[in-house]
Amino acid sequence: MRVLMLSWEYPPVVVGGLSRHVHALARTVAALGHEVTVLCRHPAGTNSRTHPTTDTTVDGVRVVRVAEDPPHLTFHEDLVAWTLAMGHAMSRAGHQLLREWRPDVVHAHDWLVTHPSIALAEAANAPLLATIHATEAGRHSGWLSHRHSQQIHSVEWWLANRADALITCSKAMRSEVVSLFDVPGEGITVLHNGIESPTWE
């Protein structure tokens, strides 16, 4: 299969566990003989002049990396606007990619890549798979009192309901997704995070 994964972090851009998850998954799927392309971003604060889009292959995974667009938006002060700008840059790079390579499935990792993931899945006429790693409500003990959190929650809801298939990394997260986004639990696959045992031997 040809798999297009979208993630807002991918090594060497590491913010939390998502980067490590996607990195391990991409390498493992590629090692099984599938064609894997990861669409991700350059470090924050870059722009298309200092850091033009790159297209490299690392550990059998094709990595297409873009700069945020425009660069003056900041993650900590303008998260939603910053996310949309990053998504716009990813969409442009993704459409360029589709001119010569078509995925069989598009795999979105979390809400920050919702917009480009949906756009590219539709452009490629490919099914959209989404892994919900966490939720805004879960990060705030169930509260969505701020407009900022409500905006993020609405994007998460859109991704969960637009995706053709959903994955969570635990049964608890599956229950949370069902409750928050009104999606049937039987349509969600639970795939626990793995451990690369050789690393710990």
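Quick note: structure is the one above.
A short tour of the structure in this document, coming up. Note that the structure is a prediction, hence the values are computed from the model and not measured.

Conventions and cut-offs
Residues numbered from 1 in each chain as written. Predicted model: local features only at pLDDT ≥ 70, side-chain atom pairs only at ≥ 80, totals over all residues. Heavy atoms only, no water. Core = buried A, V, L, I, M, F, W, Y, C linked by side-chain atoms within 4.5 Å. Buried < 20%, exposed > 50% of the residue type's maximum accessible area, 1.4 Å probe, protein only. Helix = DSSP H or I, 4+ residues; strand = E, 2+ residues; numbered from the N terminus. Contact = heavy atoms within 4.5 Å. Pairing = 2+ DSSP bridges. Phe/Tyr/Trp six-rings, centres within 6.5 Å; stacked < 30°, edge-to-face > 60°.

**A closer look at the nonpolar core**
A general tendency of soluble globular proteins is for nonpolar side chains to be buried together.
Step number 1: Judged by nonpolar contacts, the single largest core of 57 residues is most densely connected at Leu-39 and Leu-166.
Step number 2: Top element by residues in this core is helix α2 (residues 79-98). It accounts for nine residues.
Step number 3: Ignoring any residue separated from it by four or fewer positions in sequence, one finds Leu-166 in contact with Leu-129, Ala-130, Ile-132, Ala-160, Val-177, Val-183, Gly-187, Ile-188 and Thr-189.

**Examining the pairing of strand β4 (residues 61-66)**
Step number 1: Counting buried positions along β4 yields six of six residues, so the element is predominantly enclosed.
Step number 2: Burial along β4 is two-sided: Val-61, Val-63 and Arg-65 and Arg-62, Val-64 and Val-66, pointing in opposite directions, are all buried.
Step number 3: Taken together, the five bridges between strand β2 (residues 35-41) and β4 define a ladder with parallel strand orientation. Residue Val-38 lies in a different strand from β4, and its bridge partner there is Val-63.
Step number 4: One ladder, built from five bridges, connects strand β3 (residues 54-58) with β4; its direction is antiparallel. In the strand pairing of β4, Thr-57 is matched with Arg-62.
Step number 5: Remark: two residues form the turn of the hairpin made by β3 and β4, two consecutive strands paired antiparallel; Asp-59 in that turn has positive phi of roughly 55 degrees.

**A closer look at the packing of aromatic side chains**
Step number 1: On inspection of all chains with the given rule, the structure shows three aromatic pairs.
Step number 2: Between Trp-8 and Trp-82, the aromatic rings sit 6.2 Å apart at their centres with planes inclined by 85 degrees, giving edge-to-face as the arrangement. Placement of the pair is Trp-8 in the loop between β1 (2-6) and α1 (17-31) and Trp-82 in helix α2, with a sequence separation of 74 residues. Accessibility assignment for this pair places Trp-8 and Trp-82 in one class, buried.

**What about unusual backbone geometry?**
Step number 1: Residues Pro-11 and Pro-12 are joined by a peptide bond in cis, for which omega reads 10 degrees.
Step number 2: Secondary-structure assignment places Pro-12 in the loop between β1 and α1.
Step number 3: A positive phi angle is found at Asn-125, which is not glycine, with a value near 55 degrees.
Step number 4: At Ser-141, a position not held by glycine, the phi torsion is positive, near 55 degrees.

Coordinates in, geometry out; function isn't part of it.
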